[in-house]
Amino acid sequence: MFEIKLVQGWLLKRAVEAIKDLVTYAELMCSSTDFSLNAVDSNYSAFVSLLLGSNSFEDYNCEKSVCLGVNMNNLSRVLKFAGNDDIVIVEGDDDMDDMCLVFQSPGGDKTTSINMHLMDIHGHSYAIPDYDYDVVIRMSSSVFASICRNLAEINDTVLISVTKEGAMFSTSGETVKDAKVLCRQNGEEDTTTIKMKTQVSMAFSLRYLNSFTKATPLSSIVTINMSTGMPDRHQSVRINLTKREYERELIISKENQGDK
């Protein structure tokens, strides 16, 4: 049996809303130390991970590690019952055929309880690999979201190029020959910083990036990790939104990024 109580229920709502259009199924993992959501899209192009440490919860009781398979669209529908300020409680018993989500208003005047059927998705591998990346960009998450949103009006792909000049985000389309946004380092706190071993230039789907940036309110800073030294299938951009309480990551491979 496990029971966890998340006072900041909007964290889970935002995370699910950001990735439900990318992935169909996800694993919710609950251990004695943390709660995580891990998923991969059907093309194995986008890997998503949300980690919430036990200190993120007001109450955290997990006697043994459990793995819960969920349909993301169904989970999104259930979470719509929760207000942005509601407390979210997730409960499960030993048979794990379903889980119970309880939403409590801050004043305690309303409680909503929903039992959700679980899915058997064991056998999938949702682990995000660690890697020594060639480029690490740290920048404002709202600036990154704005860049992706604006460039998507021109084309569905962005070229991210990192040189000594800075990080260039560029695209072109039928009506716009060339659109470029250059982010440079200036040494000031809370601005763009770039660590570069070698120059990198890679193209990625803005559909994936814009879906992920729906989670921008979770953190003011985004970290973008890039490398071309990995095997072709795994050439990727790793995007990380981190606060003390949680970590939110997306990995997008260059291969198989076409819209489904």
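Criteria and cut-off values
- Residues numbered from 1 in each chain as written.
- Predicted model: local features only at pLDDT ≥ 70, side-chain atom pairs only at ≥ 80, totals over all residues.
- Heavy atoms only, no water.
- Helix = DSSP H or I, 4+ residues; strand = E, 2+ residues; numbered from the N terminus.
- Polar contact = N/O pair within 3.5 Å; in protein donor to acceptor, adjacent residues only side chain to side chain.
- Pairing = 2+ DSSP bridges.
- Axes fitted to C-alpha atoms, helices over the stretch in contact; angles between N-to-C directions.
- Contact = heavy atoms within 4.5 Å.
- Phe/Tyr/Trp six-rings, centres within 6.5 Å; stacked < 30°, edge-to-face > 60°.
- Buried < 20%, exposed > 50% of the residue type's maximum accessible area, 1.4 Å probe, protein only.
- Lys NZ or Arg CZ within 6 Å of the ring centre and 35° of its normal.

A. Focus on the environment of serine 227. Secondary-structure assignment places serine 227 in strand S16 (residues 221-227). In this structure, the C-alpha to C-alpha distance between serine 227 and valine 200, residues 27 residues apart in sequence, is 7.0 Å. Within polar-contact distance, the side chain of serine 227 engages the side chain of aspartate 134 at 3.2 Å.

B. Quick peek at the sheet that holds strand S13 (residues 179-183). Spatially, the four strands line up as an open sheet ordered S13-S12-S11-S15, and their pairing is antiparallel. The sheet is open, and its two borders are formed by S13 and strand S15 (200-205), each paired with just one other strand. Going across the sheet, the axis of each strand differs from the next one's by a mean of 20°, ignoring polarity. Against the sheet, helix H3 (residues 141-151) engages strand S11 (157-163), strand S12 (166-171) and S13, with an angle of about 25° to S12.

C. Representation of the packing of aromatic side chains. Throughout the structure, instances matching the rule amount to three aromatic pairs. Pairing phenylalanine 57 with tyrosine 60 gives two aromatic rings, centres 5.2 Å apart and planes at 55°, and the pair type is tilted. When its relative accessible area of 9% is taken as the criterion, phenylalanine 57 is described as buried. Grouping aromatic residues by their ring pairs yields a cluster made of Phe35, Phe57 and Tyr60. Above the ring of tyrosine 208, the side-chain terminus of arginine 207 is found at 5.2 Å from the ring centroid.

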